[in-house]
Amino acid sequence: MADQEKVLRLEAQAKEVRKEILTMIHTAQSGHPGGSLSAADMMTALYFDELNIDPQNPKWEDRDRFVLSKGHVCPVLYTCLALKGYFPKEVLGTLRKESSILQGHPDMKRCPGVDISTGSLGQGLSVAVGMALCAKRDGKSYRVFSMVGDGESDEGQIWEAVETAAKYHLDNLVVLLDRNRLQNDGTCDEVMPNGDLVAKFTAFGCQTWEIDGHNMNEILDALEAVRADQSGKPKCIVAHTVKGKGVSFMENVVQWHGMAPNDEQYAQAMKDIEEGF
Amino acid sequence: MVQVKNTSHPTRDAYGEEILALGKENKDIYVVDCDIGKSCKTIPFAKELPEQQVNVGIAEQNACGVAAGLATCGKIPFVTTYAVFGSMRMVEQIRQEVCYPKLNVKIACSHGGFTPANDGASHQGIEDMGILRTIPNMTVIMGCDYVSTKKLVRAASQHYGPVYLRFTRDAVPDIYDEDEEFVIGKAKEIRSGKDVAIIATGEIMSLALVACDKLAEEGIQATLMDMHTIKPLDTQAVTKALKECKGVVTVEDHNVINGLGSAVCEVAAELGCGKVKRIGIPDCFGESAPYERLLAKNGITVEAIVDACKAML
């Protein structure tokens, strides 16, 4: 059982992360709120508790790496990076604007703290595998975390990457599978049923956990279990989540995959986050 | 003397030997194989330097991503496969994860052009250099023989950034002496003449060289340039040829669309001067046939080069 003080701190932090996500997408009038909100609790746990990183030294050789394979939900990543101090919070207001370090999809050349440019689905996990393999070959102890979408897992390359991680015993690789059950054109079941993702990741060679991705206790317990695991296998946390989590009119609504709220919707969304609903 | 010698080698052999030498010198040199290490000559590397080799199986897209990940950690990975797969199966991964972030990844491809002759169209990479040429930050190179390939593989390893390298499956004549030097992006003028210029890339250099010498016998002085790097193109050398000669003939074992010939035409068009004739694959697929027959059927012959040069005069 996780330390309850920590849980409360992270829950409060996640609330702030959600508000910043909504504010930046509202300001930009463009971006992907749904998947950013479904990943927000896990991202908060990673950035404000789990990752061994140094915002003052973003290229530190021994840092843990993070790969946002579902690159379109970069508002959640940018928020975490800003709140951690990689760049001033005000920069969040430049999302998707000309010359911004906060491109529509993450750009490692522009944005400090972004370990790899992503945006084309299915590709990030392979890069994470390369990073994890490098740590093994160089005898380094850093770990590599990658956030992957369930819709994204339609891409065959995800499974090529997992097989490679298993082959090379990359127990320093942690996949966080954001199982929000929605993708661009509809539900996963309508568009391309993924079936039992826990069984699939296990069959492909991962040590796998299944959690509620919005329950901070479960998230922290899973990350603790990952650290303690001695199986020698790559890790996968399949996290059941709700797309648009925390905003009454966005939850489980396909359209909020890639749409910005108007002023009225934004006010309602902020209220929902602040007060809960 | 640069001339067609009696010996020949597949340039994939040159790659296999040089990458092993480089790997022994520098532990950051990696090979990422896709289950065709045998054909691409990286088995000795895998055997002697297993800690610097990764084999992801028949999964080129993943291979490219893994290489990108290795590169972010300071490695210099050479993804090794065939030209068709290296330029098409994983092209979007190259674009997104290698060229856009300008990572130090090399895409090393055997079976360029018609050289996997018997394998047929599915395995003949005839569009590859053109496809890679259109991606920002990419450098595109093909050595024309054993020595130049070795030197260019080494040069690519020392050049920071994405590089596409193309090799031949089959043996092609040796041309250069051991002591010849090569600079990425700089054409080699291997014959000089004021009448006409031949600009060629890759293993068909031997045909161009023979054509050049035949023209000389008839009193026609031809320049011959080895344009081993088609991107960045040595525009200075191309401009000089366009301005000083009566015409330029390009020769390549590649679709005439978007390869060397197109690149030279782009320079001519923007310059507003010079005549260009492209010799290459006339926008059609190959088939299973002897390599020489494939070239001949597609008009890539000594005679065609000689005739094209004469037509410029």
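Numbering of residues begins from 1 in every chain and follows the order in which that chain's sequence is written. To read the labels, note that chains go from A and ligands from 1, taken in the order they are written. Local features in this predicted model are restricted to residues of pLDDT 70 or higher, and side-chain atom pairs are both shown and tallied only at a pLDDT of 80 or more, whereas totals for entire chains, interfaces and linings draw on every residue. Values shown for side chains rest on all heavy atoms present in the structure; no hydrogens or waters enter the calculation.

1. With respect to the nonpolar core
To be explicit about the condition: Throughout this description, the term nonpolar core refers to a set of buried Ala, Val, Leu, Ile, Met, Phe, Trp, Tyr and Cys residues connected via side-chain atoms within 4.5 Å. For every residue, the accessible area (1.4 Å probe, protein chains only) is compared with the maximum for its type, and the residue is labelled buried under 20%, exposed over 50%, or partly exposed between those bounds. Domain borders in the structure are assigned automatically or taken from a domain database. Only heavy atoms matter for contacts: two residues are in contact if any of them lie within 4.5 Å across the pair.
Ranked by size, the top nonpolar core spans 138 residues in total, and within it Tyr 47, Phe 66, Leu 173 and Phe 201 of chain A carry the most contacts. Per-domain counts for this core show at least three residues from each of domain 1 (10-173) and domain 2 (188-312) of chain B. Once residues within four sequence positions are removed from consideration, Phe 201 of chain A is found in contact with Ile 158, Trp 159, Val 162, Val 175, Leu 177, Cys 206, Thr 208 and Cys 236 of chain A. Counting 60 residues, the second-largest nonpolar core is a separate cluster that includes Leu 22, Ile 76, Ile 220 and Ile 281 of chain B.

2. Notes on the side chain of Glu 97 of chain B
Operational definition: Only DSSP runs of H or I reaching four residues or more are called helices, and only runs of E reaching two or more are called strands; each is numbered from the N terminus. The charge count includes Lys and Arg as positive and Asp and Glu as negative, but it does not include His or the ends of the chains. We count a salt bridge whenever a side-chain nitrogen from Lys or Arg sits within 4 Å of a carboxyl oxygen from Asp or Glu.
As for its placement among the helices and strands, Glu 97 of chain B is situated in helix α6 (residues 91-99). One buried charged side chain, Glu 97 of chain B, makes no salt bridge at all; its nearest oppositely charged neighbour is Arg 95 of chain B, positioned 9.6 Å away. Contacts of Glu 97 of chain B, omitting those with residues within four sequence positions, involve Ile 116, Ser 117, Thr 118, Gln 123, Gly 124 and Val 127 of chain A together with Ala 68 and Leu 103 of chain B.

3. Considering the interface of chain A and chain B
Quick note on the threshold: The quantity reported as buried area is the accessible area (1.4 Å probe) lost by two parts once they are put together, taken as the sum for both.
Contacts between the two partners involve 29 residues from chain A, matched on the other side by 27 residues from chain B. Summed over both sides, the interface between chain A and chain B buries roughly 2100 Å², with carbon and sulfur atoms accounting for 51% of that surface. A per-residue breakdown of the area chain A buries against chain B is headed by Gln 123, Arg 137 and Glu 160 of chain A, which together make up 25% of the total. Put simply, chain A and chain B have 2 salt bridges between them.

4. Concerning the domain arrangement of chain B
All names here are of chain B. Inclusion rule: Contacts described as polar in this section are N or O atom pairs within 3.5 Å, which, within protein, must combine one atom able to donate a hydrogen with one able to accept it, while residues neighboring in sequence count only if both atoms come from side chains.
Here chain B is partitioned into domain 1 (10-173) and domain 2 (188-312). Between domain 1 and domain 2, the C-alpha centre-to-centre distance is 25 Å. At the junction of the two partners, domain 1 supplies 34 residues and domain 2 supplies 31 residues. Interface area for domain 1 against domain 2, summed over the two sides, is near 2400 Å², with a carbon-plus-sulfur share of 60%. Counting the surface domain 1 buries against domain 2, the share from its top three residues, Phe 114, Ile 126 and Arg 133, is 34%. A salt bridge links Arg 133 to Glu 266, with the nearest nitrogen and oxygen atoms 2.8 Å apart. At the surface where domain 1 touches domain 2, the tally comes to 19 residue pairs in polar contact (both at pLDDT 80 or more). Contributions of two or more residues to the side of domain 1 that touches domain 2 are made by α7 (128-133), β6 (139-142) and β8 (171-173).

5. Overview of unusual backbone geometry
Residues and elements named next belong to chain B. Lys 231 connects to Pro 232 through a cis peptide bond whose omega is -5°. Relative to the helices and strands, Pro 232 is located in the loop between β12 (229-231) and α10 (235-244). Even without being a glycine, Asp 35 presents a positive backbone phi close to 65°. By the secondary structure assignment, Asp 35 is in the loop between β2 (29-33) and α2 (37-40). The phi angle at His 111 is positive, at roughly 65°, despite the residue not being glycine. Here His 111 lies in the loop between β5 (106-110) and α7.

6. Description of the packing of helix α1 (residues 4-28) of chain A against helix α8 (residues 216-228) of chain A
Residue and element names in this part refer to chain A. Put simply, the rule is: For helices, the axis comes from a line fit to the C-alpha atoms of the stretch in contact; other axes are also lines fit to C-alpha atoms, and the angle between any two N-to-C directions lies between 0 and 180 degrees. The sense of a crossing depends on the near helix, which, turned anticlockwise from the far helix by less than a right angle, makes the crossing left-handed and, turned clockwise, makes it right-handed. Note on residue categories: nonpolar means Ala, Val, Leu, Ile, Met, Phe, Trp, Tyr, Cys or Pro, charged means Asp, Glu, Lys or Arg, and polar means any other residue, Gly included.
Packing of α1 against α8 leaves a shortest axis separation of 10 Å and a crossing angle of 115°. The two elements α1 and α8 meet at a crossing, and its hand is right-handed. Contacts from Gln 4, Lys 6, Val 7, Leu 10 and Glu 11 in α1 reach Met 216, Asn 217 and Leu 220 in α8. Considered class by class, the residues forming the contact of α1 with α8 number 4 nonpolar, 2 polar and 2 charged.

7. A word on helix α1 (residues 11-25) of chain B
Let me state the cut-off plainly: Helix span, as expected, comes to 1.5 Å for every residue beyond the first.
With 15 residues, α1 of chain B extends 21 Å between its outermost C-alpha atoms, agreeing within 8% with the 21 Å of an ideal straight helix rising 1.5 Å per residue. Along α1 of chain B, the positions that sit buried rather than exposed are Thr 11, Arg 12, Ala 14, Tyr 15, Gly 16, Glu 18, Ile 19, Leu 20, Leu 22 and Gly 23 of chain B.

8. Here's the deal with the sheet that holds strand β7 (residues 235-240) of chain A
Residue and element names in this part refer to chain A. Cut-off, in case you're wondering: Any two strands are treated as partners once DSSP identifies two or more bridges connecting them.
Ordered by their spatial adjacency, 5 strands build an open sheet running β1-β2-β3-β7-β6, and the pairing between neighbours is parallel. At either end of the open sheet lies a strand with only one pairing partner, and these are β1 (65-68) and β6 (207-212). When strand polarity is set aside, the average angle formed by the axes of neighbouring strands in this sheet is 20°. As paired elements, β6 and β7 share 6 bridges and run parallel to each other. Within β7, the residue paired with Ile 211 across the bridge is Ala 239. Across the face of the sheet, α8 comes into contact with β2 (144-149), β3 (173-179), β6 and β7 while running at roughly 170° to β6.

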